Amino acid sequence: MTAVTVREPRPARNRSRSFLLASRIATMEVRHSAFVWAIPLLAVLFVYDPFQAAAHYPALWNLRASVVPDKFWPVCVPFAAGFSAWAGSREGRRNTDDLVAATARPAWTRQLCSLAGTLAWVLAAFGTGVAVLYVSIARAVTWGGPPVWPIAAGAVSLTAVCAFAFTLGALFPGRFTAPIVAVGISVLTLAVFSRTVSEGGTSVFALSLDGIVPGNDQGVFYPVAPDVSIVQVMFFAGCTLGAIGLLGLSPRTGGAGWRGAIDFASGAGARLRVAATAVFAAGIALAVIGFGLAATARMSPATGGVEVPALHDSASDKALLYTPVCAAASGGFQVCLHPAYKGYLSQSVSSFGPVMAELSGLPGAPVRAVEIPGLAVPSVVQQAFRDGIVIGSPPVYEFSMDGAIAQVPDPAQFRDGFRQDIVHAVVIGPVGQLTASGVLQWNAGTQAQQAVEDGLLRAIGSQPYPACNPYMQPCAQQSQVTAAAARFAALPAATRHAWLAANLAALKAGRITPARIP
Amino acid sequence: MQAGPGVLGLLGPNGAGKTSLLRMLATVLPPSSGQIRLLDRDPRNAAQRREIRRRLGYLPQNLGYYPAFTVVEFIEYFALLKDVPASRVHKAVAVAVERVDLGAKAKARLRTLSGGMLRRVGIAQAIVNDPDLLLLDEPTAGLDPEQRVGFRALLRDLGQAATVVVSTHLVEDVGAACSEVAVLDAGHVVFRGTPAELASRGTGHDVGDAPLERGYSAVLQAARSASRNTCASPNNGGVAA
């Protein structure tokens, strides 16, 4: 048994040299990643869905930025999964197993470099999309700052998708692996995680990046708690480490193998096996903790957001300080909005203007309108899908923008929604009331009240409430209301105002019949 | 079986175990029995196995490659995987490319190369780390006669300092480039000697067109008739290179 030593062994490697070599391999992998071919299609899909969707949302940071996890992330997932699996299966597909197995660098390092090549492109594409989106949002919004946590959660979850798909590709190499993994992971993310906490009660649906659109108050009146994002980062970071650890352990991928089952082909030794085992175990532990925490997620009654009790800092529930922006409508009626809605101030003022010309000076008519958080509007009002209530002395019309901003793409609906709400609040009162048994009952008002309400709305050129409504009178009984409303709308404005000034109290008390309406 | 600096040719029929032996020497396949010691190191030990691999060059029978890589990138990739110091990688790649006469195609993508050129790329990646142990499985398959002549000269040159083990079906390659030859049959070494000694075994044997072919046929025939007449004992021997 003689071994021939031809020359002295080379000097031992050091860590910095090893890192330098690995970084050069990773750079080479970046240059050759097939993901680059997907970028044009990804860009088209990005503009087609997430970007356009954001542009149609109200110009609020939190709402528009929600397209990152809600729409952009699901677009990225199949590409990230497919191309990562493709990269992972490369050695098997290209029949280079023997060639690379005979090299000095451990399989784990080699494969992590390959994964890094695809991951770099995936994160670059994701980051670029987010940057484009955020720049466009920054140019449109009037208040607040960009939410950062959803970006972190998105980046970490895409890393997890890449790592998981790459490992699957390495374990089951084949030309069909990539499409199968892409479809499989997409279905998994869309079907299983595409649920929100509010839909699923309390559950792991808090792990879902997709499908969560924050409440309107979030990030406007109240800060957005990072609880859910932290849980998502924990869970997906755990999944990433688990997949990477598995890659380092599996003899099938040239990894270290479990103790006693070391693959001879592996360049790995005990230290690498210990490292891979530790990474795998840490990943699983982190994912389990994240999963467990997600199961405790709940809707916060204080802020309307989602909180995870173990992570939640109640100090972060304090309402955000702001200075309202105000403008006066005709007749000195003042409208005040949160500065985040400054862009809608003139639209709001012009919506309130004509209706306040009809209502101002009437007993109980508000002297100004103030936007308040949706959560602050009484639940009987909220649940009836109306957002305003007149309270205080002097009377103030308090309303939320929740309903109005849903109508932003349609200026007429936005305008009519404002007018219907305030007329209802002044002429009829709160739109809902709880019965003795605790059931919410729609307060449609009497037929005379409906007729006056509709007449006023018609007089100022707005749509009245729908004639047939499950909450209101049956259609058969609407003819009297319609006729009275038409009469009332046809009156001169001064006559109408004078009649209301004299009869509004009796009308609200239910003592006026449609026949008595002039 | 033991080998030192020089070129050792492995001959044998299909299924004789040449590729399996090379894969074991390349530390890709664990031996089912026996022991292997390479470059004074035990490949069963992870640290020693890694040191062996740093000083190992291997060209498998079926060369896999990455079509999008250029010639230089592919060889550089393997130089990095073989822990060639970063400062020496560029020079090592350039030398390897020139040694296989692919300088004109250095920037060409592998998908554009012919089979013979790909074989030369495979040889270049095997020698890029200036290996002390070079294992070549059918290296001349796909090469044209002129390239084969050039490759034999390269083999002789490499064999000056390194232990080169070449598996081939082409006895003329063995005669021209190998200082030693081993004939394998059914997993056993049935002949070990110089090409001249192998050729001399063919004296009086009429199967084959050249002396080496006749020697090869005679050795195989003798080994097979011996195995028919005796009960073969299990081979628990070892290999050292």
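Residues numbered from 1 in each chain as written. Chains lettered and ligands numbered in written order. Predicted model: local features only at pLDDT ≥ 70, side-chain atom pairs only at ≥ 80, totals over all residues. Heavy atoms only, no water.

Visitor: In this structure, what is going on with the nonpolar core? I would like to understand it.
Guide: Residues and elements named next belong to chain A. F352, I422, V452 and I517 are the most contacted members of the largest nonpolar core, which totals 97 residues. Take this core: its biggest share by element is 12 residues, from helix 4 (residues 67-88). When we break this core down by domain, the ones giving at least three residues each are domain 1 (18-317) and domain 2 (325-516). Here V452 is in contact with V427, F488, W499, L500, L507 and I517, once residues within four sequence places are set aside. (Core = buried A, V, L, I, M, F, W, Y, C linked by side-chain atoms within 4.5 Å. Buried < 20%, exposed > 50% of the residue type's maximum accessible area, 1.4 Å probe, protein only. Helix = DSSP H or I, 4+ residues; strand = E, 2+ residues; numbered from the N terminus. Domains from an automatic or database assignment. Contact = heavy atoms within 4.5 Å.)

Visitor: I keep staring at the state of the cysteines and nothing clicks. Help me out?
Guide: One covalent bond between the sulfur atoms of two cysteine residues makes up a disulfide. All names here are of chain A. Considering all chains together, one arrives at one disulfide over all chains under this definition. Disulfide pairing is shown between C326 and C336; the S-S distance is 2.0 Å. Measuring the twist about the S-S bond at about 110 degrees, one finds the C326-C336 disulfide to be right-handed. Of the two residues, C326 is situated in strand 3 (residues 325-328) and C336 in strand 4 (residues 334-337); the sequence distance between them amounts to 10 residues. Among the residues examined, C336 registers a relative accessible area of 4% and is labelled buried. Cysteine C76 shares no disulfide, and the gap to the nearest cysteine sulfur, in C162, comes to 9.6 Å. Using a relative accessible area of 3% as the deciding quantity, one classes C76 as buried. (Disulfide = S-S within 2.5 Å.)

Visitor: Where do I start with the packing of helix 4 of chain A against helix 7 (residues 107-140) of chain A in this structure?
Guide: Axes are the key here: two packed helices are described by the angle between their axes and the distance separating the axes. All names here are of chain A. One can describe the packing of helix 4 onto helix 7 by two numbers: an axis separation of 10 Å at closest approach and a directional angle of 160 degrees. One way to sum up the angle between helix 4 and helix 7 is to call them roughly antiparallel. With respect to the hand of their crossing, helix 4 and helix 7 are arranged in right-handed fashion. Here V67, V68, F72, C76, A80, F83, S84 and A87 of helix 4 lie close against helix 7, whose contacting residues are S114, T118, V122, A125, F126, G129, V130, L133 and Y134. (Axes fitted to C-alpha atoms, helices over the stretch in contact; angles between N-to-C directions. Parallel < 35°, antiparallel > 145°, perpendicular 65-115°, else oblique. Left-handed = near helix turned anticlockwise from the far one by under 90°.)

Visitor: Before we go on, may I ask you to explain the sheet that holds strand 3 of chain A in this structure?
Guide: Residue and element names in this part refer to chain A. On the basis of which strands lie adjacent, the open sheet formed by five strands has the order 3-4-5-7-6 and mixed pairing. Strands at the two margins of the open sheet, each flanked by one partner only, are strand 3 and strand 6 (388-391). Each adjacent strand pair in this sheet contributes to an overall mean axis angle of 20 degrees, direction not counted. In the sheet, strand 6 pairs with strand 7 (residues 396-399) via four bridges, with the strands oriented antiparallel. Bridge pairing links G388 to F399 in strand 7. Packing of helix 13 (residues 345-359) onto the sheet brings it into contact with strand 3, strand 4, strand 5 (368-371) and strand 7, and relative to strand 4 it is tilted by some 145 degrees. (Pairing = 2+ DSSP bridges.)

Visitor: Sorry, what's going on with the side chain of B:T163 here?
Guide: All names here are of chain B. With respect to the helices and strands, the residue T163 is situated in strand 5 (residues 163-167). Take T163: its relative accessible area is 2%, and that puts it in the buried class. A distance of 3.2 Å separates the side chain of T163 from the backbone oxygen of G4, its partner in a polar contact. (Polar contact = N/O pair within 3.5 Å; in protein donor to acceptor, adjacent residues only side chain to side chain.)

Visitor: Can you help me understand the sheet that holds strand 4 (residues 133-137) of chain B in this one?
Guide: Picture the strands of a sheet paired through backbone hydrogen bonds; they go either parallel or antiparallel. Residue and element names in this part refer to chain B. With mixed pairing, the six strands of this open sheet are ordered in space as 3-4-5-1-6-7. Whereas interior strands pair on both sides, the edge strands pair on one side only; in this sheet they are strand 3 (56-59) and strand 7 (188-193). In this sheet, adjacent strand axes meet at a mean angle of 15 degrees when their direction is disregarded. With five bridges joining them, strand 6 (residues 180-185) and strand 7 adopt antiparallel strand pairing. What sits directly across from D185, in strand 7, is H188.

Visitor: Got a minute to help me understand helix 2 (residues 46-54) of chain B in this structure?
Guide: Quick reminder: α-helices carry 3.6 residues per turn. Residues three or four places apart thus point the same way. In terms of burial, helix 2 of chain B is largely enclosed, as seven of its nine residues are buried. For helix 2 of chain B, the full list of buried residues reads B:A46, B:R49, B:R50, B:E51, B:I52, B:R53 and B:R54. For helix 2 of chain B, the elements touching its buried residues are helix 6 (97-101) of chain A together with strand 3 of chain B.

Visitor: Teacher, can you tell me more about the pairing of strand 6 of chain B here?
Guide: Put simply, side chains in a regular strand alternate between the two faces of the sheet. Most of strand 6 of chain B sits inside the fold, with five of its six residues counted as buried. Between the end of strand 6 of chain B and the start of strand 7 of chain B, which pair antiparallel, lie two residues, with B:A186 showing a positive phi angle near 50 degrees.

Visitor: Explain the domain arrangement of chain A to me, please; I cannot follow it from the model alone.
Guide: A common way to express how large an interface is: the accessible area buried when the components associate. Residues and elements named next belong to chain A. The assigned domain composition of chain A is domain 1 (18-317) and domain 2 (325-516). Across the contact, 16 residues belong to domain 1 and 16 residues belong to domain 2. Between domain 1 and domain 2, roughly 1300 Å² of surface is buried when both sides are summed, and carbon and sulfur atoms account for 65% of that area. Joining domain 1 to domain 2, the criterion identifies zero salt bridges. (Buried area = accessible area lost by both parts, 1.4 Å probe. Salt bridge = Lys/Arg side-chain N within 4 Å of Asp/Glu carboxyl O.)

Visitor: Please explain unusual backbone geometry as it appears in this structure.
Guide: Working note: non-glycine residues mostly have negative phi, and peptide bonds are mostly trans. Of note, the bond from A:S393 into A:P394 is cis; its omega dihedral lies within 30 degrees of zero at 0 degrees. With a phi close to 50 degrees, B:L39 is a non-glycine residue in the positive phi region. Tracing the sequence through the fold places B:L39 in the loop between strand 2 (35-37) and helix 2. Residue classification places B:L39 among the buried positions, given a relative accessible area of 1%. Of note, B:D83 is a non-glycine position whose phi angle comes to about 65 degrees, a positive value. Note on placement: B:D83 falls in the loop between helix 3 (71-81) and helix 4 (86-99). A residue is classified by how much of its surface remains accessible, and B:D83, at 3% relative accessible area, is buried.

Visitor: Looking at this model, I keep getting lost on empty space enclosed by the protein. Mind explaining?
Guide: A probe matching the size of a water molecule, rolled over the atoms, marks out where space remains unfilled. For the coordinates displayed, the defined rule picks out four cavities of 30 Å³ or more. Here the largest cavity is characterised by a volume of approximately 50 Å³. Taken together, the residues of the lining of the largest cavity sort by class into two nonpolar, three polar and two charged. (1 Å grid on protein atoms, 1.4 Å probe; cavity = no way out; pocket = protein on both sides within 12 Å on 5 of 7 lines; lining within 4 Å. Points joined across faces, edges and corners; volume = space filled by probe spheres on them. Nonpolar A, V, L, I, M, F, W, Y, C, P; charged D, E, K, R; others polar.)

Visitor: Explain the pairing of strand 3 of chain A here, please?
Guide: Residue and element names in this part refer to chain A. Sheet topology places strand 3 next to strand 4; four bridges connect them, and they run antiparallel. Paired with V325 across the two strands is L337, which belongs to strand 4. Hairpin geometry of strand 3 and strand 4 is characterised by an intervening segment of five residues between the two adjacent antiparallel strands and by a positive phi of about 80 degrees at G331.

Visitor: Explain helix 16 (residues 411-427) of chain A to me, please; I cannot follow it from the model alone.
Guide: Residue and element names in this part refer to chain A. Along its 17 residues, helix 16 runs 24 Å from first to last C-alpha, staying within 8% of the 24 Å computed at 1.5 Å per residue. Counted residue by residue, helix 16 has 12 buried out of 17 residues, so it is predominantly covered. Listed as buried for helix 16 are F414, D416, F418, R419, Q420, D421, I422, V423, H424, A425, V426 and V427. (Expected span 1.5 Å × (residues − 1).)

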